[in-house]
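Chain and residue survey
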Amino acid sequence: MTGASESMFLSIDSSGVVLTINRKALQVLGFTRSELVGQNISQTLLPKNPPGQEGLSSVLGAFQDEAGKYFSARAAMQCKNGSLIPITWSFMRIPGNTDQEQEIHCIGTPMEELAFAERDLTEERERHAALLQATGDWIWEVNLQGAVTYSTPSVFDITGYAAEELMGKDLASILTPKGEENFLEQHIRSVCFNGRPFQGREISVSHKDGRPLFVDISGLPIVDSTGQPTGVRGVTRNITNHQWAKEALRKSEEKYRSFIESAPIGMMISDTNGHITYGNRKLVEITGYGVAEWQGRSYIEMVYPEDYGIIVENRTRAIRTLDPVDPFEIRVYNSKGELIWLRLIPHSVYKADGQGNTVVAYFQNFIEDITASKNAREEKKRLEQQLSQTHKMEALGTLAGGVAHDFNNILYPIIGYTEMTLAEVSQYPFAAENLEEVLQAAKRAQKLVNQILAFSRDTEEKLRPIRIQPVLEDVLSLVRPSLPANVLVKREIQKTGGVVMADPTRLHQVVMNLCTNAYQSMGDLGGVLSITLDQCVITRQDLPEYPQLTAGNYVRLTISDNGAGMDEATKERIFEPYFTTKAVGKGTGMGLAVVHGIVTKCKGAIKVDSAPGMGSSFTVLLPFINKTPGELPSRKSAPLPKGTEHILLTYGERQILELSEKMFTRLGYTVAAFTSGKEALQAFCNNSGAIDLVLANAALEDMTGEMLIEKVLTIRPDLPSILISSLSEESTEDGSNSSQISKLIAKPLDIIKVAMGIRKVLDGKN
């Protein structure tokens, strides 16, 4: 071990003979081991000059009585080359059994090396002081009472106090701001009494000029050789600017967090796997989920399954290509389980991976609830489709009105000539019965024309007491010929009762639509079409099933089929306008909507029972009224009223004009017939006193019928007049369109209606 030491070492006996010597000593003195071991140092190593020898001798002599103690001395040693080297020695005598067995251990360091070491130590201290000055840290020491015993000059740069000003003073009391708690004293006291160091404590202190400072302090105990604390050594760093920056950052973060939290649009941060790491208040408001409910969850869990692909596709493309992703729309479930529409505006945030490649770090998403606008767009689209369909229906109504008008002009001669012929063949029963059937068929066609005109005019119905049974019979007589041979019609119609408040034309439309739907649902396979009519009582217990009704007596009409049936989704929508399950061109989707509207106006209700493959059953409930309905018209033609007056007749269509002239002539009237308003006016002027009535169609060749009547009445204001118009019954029966016209007769024309109208005006005038 002595051979590896960096100090000189040798051991000698009490007489000065060298026992051992290490390599360092041999190198310094220039001897070999054999030249010194066994030799007396007084002959080899001690200098010849007495002062050096006496110094060493005195030290060696002192060991005689001080065994086991250390002694230090400086003595010169003589090298092999004769030079002297000043060496600082430390001696220790190792006692033996006898004085001859005693050893003296000598450890020496050449003075030159000590000088180098002291110089190095000085340089190291200066270096440490420079480094401390460069860092700006302040190092201080205080005793157990907190008085400063040491301070680096850098204290001035931090506190404004010179190191000399602090010496011996209570450090904590000087630096603690007035009115604030003395944290520095607490920390110093804790180290002094507990011996536990501290570090990284941020406290507020006061600069010499009074301004506040923020410092970071660390402290550790100063202990003596017995381990007892004698004071505290601390390091203080000025973090005022850092603290201000941190405070500014905190306020900035608080401001922008407040801005984000109060933003009117949802904001969400998610990782590349879709897990939510942040969401603002608006996101909570939109989804209904609290922060704890979605924090760390993948937002894909909330997405409607059909929209998973949109999320995955956009996220994968953003990660793979690093390209921006366009905004997209998805459906998600909110906390109530409701589907809402969201518009996502994604933004990728990038970072560099371990290889220096740019990758997506996370996603920032701006989220907007577009449920209302989406529904509005869908509603707008639906309304546009309905409007388009309405325009089609209006065009169809206009066309239907025109067709019905022309058809009525065809029916009028048929009915008129048939009625005139019937009056001549009463003595021939067979011919009379056949003509009667022709007349009834023509009148059914006329009713159909009335329905078409009612559809095209969209007039308000007149509700009146009617029996449903005749309507059913009439519909079945029209439907039966058009049904396939494999469709069986089953009827269970109660003969009594059945009186309701309704418009017969509209009720006819209800039954016709339901029957048509029934046999169409059976298709080519055919089946059974059942029609049941009876009366029932709706009690309070039944009202939950019919919330729009009140308790009471009702007429119940049930029309059933054993066709394809409907599922629940279809049943929920069948009464929506324009909803249809039929192929394009097979239906408009208006039939059941019209049925529902008519039944509702009659203060009734309609219910459907159906299942796929089980057919359908429509039940119509209408309030029963205890009133006597009007008498049904007889199938036999009533005799026409006659007269002998002179009629000025104008009509734009010659065939109808000729028929009317013949009919009125056969009824006993004298008729002057014209298609031209000017010619009729000229004839009237030539013989105005002979005319008892003016009967004019609204449309003539060269003017309107109303204009003709006005011109005639300027000549004879008291002359009775009738205008035949295409206007509705409601606007014509009371003559409200013109105060000068005695009566308005609405198309379609009926010879009985015209004949009775003529008689009413003339008799009223007379």
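Treat the numbers as computed from the prediction; the structure is a model and nothing was measured.

Each value, and the rule that gives it
Residues numbered from 1 in each chain as written. Predicted model: local features only at pLDDT ≥ 70, side-chain atom pairs only at ≥ 80, totals over all residues. Heavy atoms only, no water. Helix = DSSP H or I, 4+ residues; strand = E, 2+ residues; numbered from the N terminus. Buried < 20%, exposed > 50% of the residue type's maximum accessible area, 1.4 Å probe, protein only. Contact = heavy atoms within 4.5 Å. Areas by Shrake-Rupley, 256 points an atom, 1.4 Å probe, with all protein chains shown as cover. Pairing = 2+ DSSP bridges. Axes fitted to C-alpha atoms, helices over the stretch in contact; angles between N-to-C directions. pLDDT = per-residue confidence, 0-100. Parallel < 35°, antiparallel > 145°, perpendicular 65-115°, else oblique. Left-handed = near helix turned anticlockwise from the far one by under 90°. Nonpolar A, V, L, I, M, F, W, Y, C, P; charged D, E, K, R; others polar. Salt bridge = Lys/Arg side-chain N within 4 Å of Asp/Glu carboxyl O. Polar contact = N/O pair within 3.5 Å; in protein donor to acceptor, adjacent residues only side chain to side chain. Phe/Tyr/Trp six-rings, centres within 6.5 Å; stacked < 30°, edge-to-face > 60°. Lys NZ or Arg CZ within 6 Å of the ring centre and 35° of its normal. Arc of directions from axis to C-beta.

Let us now look at the overall build of the protein chain. A tally of regular secondary structure across the protein chain gives 24 helices and 27 strands. Across the 766 residues of the protein chain, 41% fall into the buried class. Restricting the contact set of the protein chain to residue pairs at least 6 apart, pairs at least 24 apart contribute 56%. Total accessible area computed for the protein chain in this model is approximately 41,900 Å², and 54% of it derives from carbon and sulfur atoms.

Ordered in space as β17-β19-β20-β22-β21, the 5 strands form an open sheet in which the pairing is mixed. Strands with a single pairing partner mark the edges of an open sheet, and in this sheet they are β17 (487-493) and β21 (605-610). Going across the sheet, the axis of each strand differs from the next one's by a mean of 15°, ignoring polarity. Of the strand pairs in this sheet, β21 and strand β22 (residues 616-623) are connected by 6 bridges, and their pairing is antiparallel. Each bridged residue has a counterpart across the sheet, and for alanine 605 the counterpart in β22 is leucine 621. Those strands touched by helix α17 (residues 504-522) are β17, β19 (527-538), β20 (552-561) and β22, and its axis lies near 30° from that of β20.

Across the protein chain, the average pLDDT comes to 79, with 84% of residues at 70 or higher. Highest mean pLDDT in the protein chain belongs to strand β23 (residues 646-650) (92); lowest belongs to helix α23 (residues 729-732) (44). Of the regions scoring below 50 in pLDDT, residues 50-55 engages in 4 contacts with residues more than four places distant in sequence or in other chains. Ignoring residues within four places in sequence, the model shows residues 728-737, a span with pLDDT below 50, making 19 contacts including any to other chains.

We now examine the packing of helix α16 (residues 468-479) against α17. Closest axis-to-axis distance for the α16/α17 pair is 10 Å, and the angle between their directions is 45°. Judged by the inter-axis angle, α16 sits oblique to α17. By crossing handedness, the relation of α16 to α17 is classed as right-handed. Contacts from Ile468, Val471, Leu472, Asp474, Val475, Leu478 and Val479 of α16 reach α17 at Leu507, His508, Val511, Met512, Cys515 and Tyr519. For the contact of α16 with α17, a count of residues per class yields 11 nonpolar, 1 polar and 1 charged.

The next subject is unusual backbone geometry. A positive phi angle, near 65°, is found at leucine 322, a position not held by glycine. Assignment of secondary structure puts leucine 322 in the loop between α13 (308-321) and β13 (328-333). Residues other than glycine seldom take positive phi values, yet lysine 603 does so here, at roughly 60°. Relative to the elements of secondary structure, lysine 603 occurs in the loop between α19 (591-601) and β21.

Of the strand pairs in this sheet, strand β1 (residues 8-13) and strand β2 (residues 18-21) are connected by 3 bridges, and their pairing is antiparallel. Within the sheet, the bridge partner assigned to leucine 10 lies in β2 and is isoleucine 21. Where β1 hands over to β2, the hairpin turn is made up of 4 residues, of which glycine 16 adopts a positive phi near 100°.

Enumeration over the complete set of coordinates arrives at 19 salt bridges. Salt-bridge contacts for arginine 189 lead to glutamate 185; the nearest nitrogen and oxygen are separated by 2.6 Å. Taken together, the residues span about one helical turn, with arginine 189 and glutamate 185 both in helix α9 (residues 183-194) at a distance of 4 residues. Taking relative accessible area as the criterion, arginine 189 reaches 45% and is therefore assigned partly exposed. The exposure class of glutamate 185 is partly exposed, given its relative accessible area of 32%. The salt bridge involving aspartate 534 is made with arginine 556; its shortest N-O contact spans 3.1 Å. With a gap of 22 residues between them, aspartate 534 in strand β19 and arginine 556 in strand β20 connect regions that are remote in the sequence. Salt bridges linked by common partners bring Glu306, Asp307 and Arg331 together as one network.

Tracing the backbone shows serine 151 in strand β7 (residues 148-151). There is a polar contact of 2.8 Å between the side chain of serine 151 and the side chain of tryptophan 138. In this structure, serine 151 is in contact with Trp138, Ile139, Trp140, Ala163, Leu166 and Met167, ignoring residues within four places of it in sequence.

A few words on the packing of helix α21 (residues 677-686) against helix α22 (residues 705-715). For any two helices packed against each other, the geometry comes down to the angle between their axes and how far apart the axes lie. Running from N to C, α21 and α22 point in directions that differ by 15°, and their axes come no closer than 10 Å. By the angle between their directions, the pair α21 and α22 is classed as roughly parallel. Along this stretch, α21 crosses α22, giving a crossing that reads as right-handed. Residues Gly677, Ala680, Leu681, Phe684 and Cys685 of α21 lie in contact with α22, whose contacting residues are Leu708, Lys711, Val712 and Ile715. Residues that form the contact of α21 with α22 fall into these classes: 7 nonpolar, 1 polar and 1 charged.

With that out of the way, let us pick up the sheet that holds strand β10 (residues 229-238). Backbone-to-backbone hydrogen bonds pair the strands of a sheet. The strands run either parallel or antiparallel. Across the sheet, 5 strands lie side by side as β7-β6-β10-β9-β8; this open sheet has antiparallel pairing. The open sheet is flanked by β7 and β8 (198-206), the only strands paired with a single partner. Going from strand to strand, the sheet's axes swing by 30° on average, the running direction of each strand aside. Inspection of the sheet shows strand β6 (residues 138-143) paired to β7 by 3 bridges, in the antiparallel sense. Paired with tryptophan 140 across the two strands is serine 151, which belongs to β7. Along the sheet, α9 contacts β6, β8, β9 (212-223) and β10; its crossing angle with β8, the most-contacted strand, is approximately 145°.

Considering the arrangement of structural elements, one finds arginine 716 in the loop between α22 and β26 (721-725). Side-chain polar atoms of arginine 716 contact the backbone oxygen of serine 688, separated by 2.7 Å. With residues near it in sequence (within four places) discarded, arginine 716 still touches Phe684, Ser688, Gly689 and Ile691.

On to the packing of aromatic side chains, then. The description of an aromatic ring pair rests on the distance of the ring centres and on the angle between the ring planes. If you walk through the whole model with that rule in mind, you get 2 aromatic pairs. Ring centres of tryptophan 138 and tryptophan 140 lie 6.3 Å apart, and the angle between their planes is 55°; on these two criteria the pair is classed as tilted. With a relative accessible area of 2%, tryptophan 138 lands in the buried category. Between the aromatic rings of tyrosine 304 and tyrosine 333, the centroid separation amounts to 6.0 Å while the plane-to-plane angle is 65°, which identifies the pairing as edge-to-face. Highlighted residues: tyrosine 304 in the loop between α12 (291-294) and α13 and tyrosine 333 in strand β13, separated in sequence by 29 residues. Accessibility expressed as a relative area gives 18% for tyrosine 304, which makes it buried. The side chain of lysine 374 reaches across the aromatic face of tryptophan 341, ending 4.3 Å from its centre.

Restricting attention to buried positions, one finds in α22 the residues Gly705, Leu708, Ile709, Val712 and Leu713. In a view along the axis of α22, the buried residues occupy a sector of 130°, so they form one face of it. Along its buried surface, α22 packs onto β23, α21, β25 (693-697) and β26.

Let us look at the pairing of strand β12 (residues 276-279). As defined by bridge partners, strand β11 (residues 266-270) adjoins β12 across 3 bridges and the pair is classed as antiparallel. Paired with isoleucine 269 across the two strands is tyrosine 278, which belongs to β12.

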